[in-house]
Amino acid sequence: MDGTTAPDVTPEQLHDIANAFARRDVDGIVNSFADDGEFRNAKGPDYWGQSFKGKAAIRGYFEPLFTNAGDVKWQHTSEFIHGNRAVTEWHRTATLKSGERQEWLGCDLYTFRRGLIVMKDTYIKVVG
């Protein structure tokens, strides 16, 4: 970087994204993605989990998630950045409407372009 070009991602941006998740702020989450951004959930039918491409698909995943688990919480624990890539670690808890309690440690592997997420790839450890 030559000092005049803004970085693709900053620690402050990662904290803003983590805070949007902590608030269950769907608009904040969706607006952190590029129009062609992709979210890969850890769970899904394919070896990469399940992929949601574009803001509408990403919104379509998170809105029902928050409806089904009104107490879902993410606690951001650490991050690091290298160029346009970043990793965040977090602790997630939730109680589903069915009564099932979930508690996971996880990480997200991010790729950014001009301050927006183009790929968020999630990995989790599931107890049980």
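Refer to the structure presented above.
Note that the structure is predicted; figures quoted are calculated from it, not measured. (Residues numbered from 1 in each chain as written. Predicted model: local features only at pLDDT ≥ 70, side-chain atom pairs only at ≥ 80, totals over all residues. Heavy atoms only, no water.)

Asker: Looking at this structure, I do not really get the overall build of the chain. What am I missing?
Answerer: Each helix and strand counted, the chain has 3 helices and 6 strands in total. Reading the chain from its N end, one meets helices and strands in the order α-α-β-β-α-β-β-β-β. Since a compact globule built from 128 residues should have a radius of gyration of about 14 Å, the 15 Å found for the chain is in line with a globular shape. Summarising its shape, the C-alpha atoms of the chain cover approximately 55 × 30 × 30 Å along the three principal directions. For the chain, with 128 residues in total, the buried portion stands at 39%. The contacts of the chain with a sequence gap of at least 6 include a subset with a gap of at least 24, amounting to 44%. (Helix = DSSP H or I, 4+ residues; strand = E, 2+ residues; numbered from the N terminus. Rg over C-alpha atoms; globule rule 2.2 N^0.38 Å. Buried < 20%, exposed > 50% of the residue type's maximum accessible area, 1.4 Å probe, protein only. Contact = heavy atoms within 4.5 Å.)

Asker: Just to check I follow, could you spell out the sheet that holds strand β1 (residues 33-46) for this structure?
Answerer: Sheet strands pair by backbone hydrogen bonding; their relative direction is either parallel or antiparallel. As summarised here, the arrangement of the 6 strands in space is β2-β1-β6-β5-β4-β3, forming an open sheet in which the pairing is mixed. Each edge of the sheet is formed by a strand with only one pairing partner; in this case those strands are β2 (49-53) and β3 (73-82). Across the sheet, the mean angle separating the axes of adjacent strands is 20° when strand polarity is ignored. Docked against the sheet, helix α1 (residues 11-23) engages β3, β4 (85-95), β5 (101-113) and β6 (116-126), running at close to 165° with respect to β3. Contacts from helix α3 (residues 55-68) reach β1, β2, β3 and β4 within the one sheet, and its direction differs from that of β1 by about 55°. (Pairing = 2+ DSSP bridges. Axes fitted to C-alpha atoms, helices over the stretch in contact; angles between N-to-C directions.)

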